[in-house]
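Coordinates in review
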Amino acid sequence: MAKIKVATTSLAGCFGCHMSFLDLDERLVTLAEVAEFDRSPITDIEHCGPCDIGLIEGGVCNSENVHVLREFRKNCKILVAVGACAINGGLPAMRNSISLESCLLEAYRDGIGVENAQIPSDPELPLLLDKVHPIHEIVKIDYFLPGCPPSADVFWSFLTALLEGREPSFPYELVHYD
Ligand code: SF4
């Protein structure tokens, strides 16, 4: 039987959701028997190809995030918002109450310890968006896994349900937002 293909990425995330995914520990071996990984921080694959499941950590804070998110949506049959940042912007969205200009000035000109102040302007760098957005504001999302991060048990419960053709649902104890 062909393995299901899973892609993962971190947009404006902290990689904590990926760390929690790795907390599946020995269950990763079981998962590897039925699933293979496409683009992901744990592979060397640069672009998301056709996949069954795309797991997205992090909200959208810059132009590259938008591009990557659209690539995942185009290629993944099921797209999943993983964690608080992807679901509602998370802690990085605290910058939404401050103007982008103020954030840049604080980080690159006025902050304590800044030397040779200049705001990075290399065209290679992705442009920051005015606000941090949850990913459902950019593309359609099929499922949301809450938590900062979701626990390994949430990932396991979700993935095993999909693999067995069941609709994912979580017991109350697994649902948390912190
Ligand atoms: S939800 Fe929490 S753990 Fe996941 S990327 Fe955001 S800050 Fe990190």
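Looking at an unreviewed UniProt entry, the protein chain carries the name NADP oxidoreductase, with the source organism given as Methylomonas rivi. Note on the protein chain: under the UniProt heading Cofactor (unreviewed entry), the record states "[3Fe-4S] cluster".

Describing the site of the ligand
Contacts to the ligand come from G13, C14, G16, C17, E57, G83, A84, C85, G147, C148 and P149. It is helix α4 (residues 83-88) that provides the largest number of residues to the shell around the ligand, a total of three residues. Looking at the shell around the ligand residue by residue, the classes come out as six nonpolar, four polar and one charged.

Side note on the sheet that holds strand β5 (residues 76-82)
On the basis of which strands lie adjacent, the open sheet formed by five strands has the order β2-β1-β3-β5-β7 and parallel pairing. Only two strands of the sheet have a single partner each, and these edge strands are β2 (35-37) and β7 (143-145). Within the sheet, the average angular offset between the axes of one strand and its neighbour, ignoring direction, is 30°. One ladder, built from six bridges, connects strand β3 (residues 51-57) with β5; its direction is parallel. Each residue of the ladder has a partner; that of I56, found in β5, is A81. Where helix α3 (residues 63-75) meets the sheet, it contacts β1 (4-10), β3 and β5, and its direction lies at approximately 135° from that of β5.

With respect to the packing of aromatic side chains
Here the structure, examined in full by the defined rule, presents three aromatic pairs. When the centroid spacing of 5.3 Å and the interplanar angle of 80° are considered together, the rings of F21 and F155 count as edge-to-face. Of this pair, F21 sits in helix α1 (residues 16-22) while F155 is found in helix α6 (residues 152-163), placing the two residues 134 residues apart along the sequence. Summarising the burial analysis for this pair, F21 and F155 share the class buried. A centroid spacing of 5.3 Å and a plane angle of 70° characterise the contact between Y143 and F158, whose relative ring orientation is edge-to-face. Placement of Y143 in strand β7 and of F158 in helix α6 is noted, with a sequence separation of 15 residues between them. As far as burial versus exposure is concerned, Y143 and F158 are alike and both buried.

The rules behind these values
Residues numbered from 1 in each chain as written. Predicted model: local features only at pLDDT ≥ 70, side-chain atom pairs only at ≥ 80, totals over all residues. Heavy atoms only, no water. UniProt positions renumbered as here; feature names shortened; annotations may be inferred. Near = heavy atom within 4 Å. Helix = DSSP H or I, 4+ residues; strand = E, 2+ residues; numbered from the N terminus. Nonpolar A, V, L, I, M, F, W, Y, C, P; charged D, E, K, R; others polar. Pairing = 2+ DSSP bridges. Axes fitted to C-alpha atoms, helices over the stretch in contact; angles between N-to-C directions. Contact = heavy atoms within 4.5 Å. Phe/Tyr/Trp six-rings, centres within 6.5 Å; stacked < 30°, edge-to-face > 60°. Buried < 20%, exposed > 50% of the residue type's maximum accessible area, 1.4 Å probe, protein only.

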